[in-house]
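# Chains, contacts and geometry: an overview
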Amino acid sequence: QVQLVESGGGLVQPGGSLRLSCVASGTIFSVGQLGWYRQAPGKQRELVAVVTSGGSTNYADSVKGRFTISRDDAKNTAYLQMNNLKPEDTAVYYCNAALNRMLYWGQGTQVTVSS
């Protein structure tokens, strides 16, 4: 059974940094695009950043220059480095992965930016 587990969320002050991790476990024979999404209270889930199997990246305009997505295929892990966090970044962050040609979601990790 394939699973995605996120970690690294928490409470941080404005201007601070967090690094999210997403680890895929189970029988995995192919890893495609990896992505991070977020959902704030009362809002729809939105794309934050994606990285393809070839290493190409794409970011939401709101996080460009502050967030960096990366992947370590040897560890079946995706990362999201978040710098200069703002209160509007507060949300539940979800990992999304194309594994074995199927899409999987993690359970989410809460990120709260507040003084």
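These remarks concern the structure in this document. (Residues numbered from 1 in each chain as written. Predicted model: local features only at pLDDT ≥ 70, side-chain atom pairs only at ≥ 80, totals over all residues. Heavy atoms only, no water.)

With that settled, the discussion passes to the nonpolar core. Of all hydrophobic cores here, the largest spans 30 residues; its most connected members are Trp36, Val48, Phe67, Leu80, Met82 and Tyr93. Elements represented by at least two residues in this core include exactly β3 (18–25), β4 (31–39), β5 (46–51), β7 (67–72), β8 (77–82), β9 (91–99) and β11 (109–113). At five residues, the largest contribution of residues to this core is made by β9. Once residues within four sequence positions are removed from consideration, Tyr93 is found in contact with Glu6, Leu20, Trp36, Tyr37, Arg38, Val48, Phe67, Leu80, Met82, Gly108, Thr109 and Val111. (Core = buried A, V, L, I, M, F, W, Y, C linked by side-chain atoms within 4.5 Å. Buried < 20%, exposed > 50% of the residue type's maximum accessible area, 1.4 Å probe, protein only. Helix = DSSP H or I, 4+ residues; strand = E, 2+ residues; numbered from the N terminus. Contact = heavy atoms within 4.5 Å.)

Now for the packing of aromatic side chains. A full pass over the atoms with the stated rule returns one aromatic pair. The side chain of Arg45 reaches across the aromatic face of Tyr94, ending 3.7 Å from its centre. When the ring centre of Trp105 is taken as reference, the NZ or CZ atom of Arg45 above it lies at 4.6 Å. (Phe/Tyr/Trp six-rings, centres within 6.5 Å; stacked < 30°, edge-to-face > 60°. Lys NZ or Arg CZ within 6 Å of the ring centre and 35° of its normal.)

For the rest of this paragraph, the subject is the sheet that holds strand β1 (residues 3–7). Read across the open sheet, the four strands follow the order β1-β3-β8-β7; overall the sheet is antiparallel. The open sheet has two edge strands, β1 and β7, and neither has a second partner. Geometrically, the sheet is characterised by an average inter-axis angle of 15° between neighbouring strands, direction not taken into account. Two elements, β1 and β3, share five bridges in a ladder whose sense is antiparallel. Its bridge partner being in β3, Val5 is matched across the sheet by Val23. (Pairing = 2+ DSSP bridges. Axes fitted to C-alpha atoms, helices over the stretch in contact; angles between N-to-C directions.)

The values are spatial; any link to function lies outside them.
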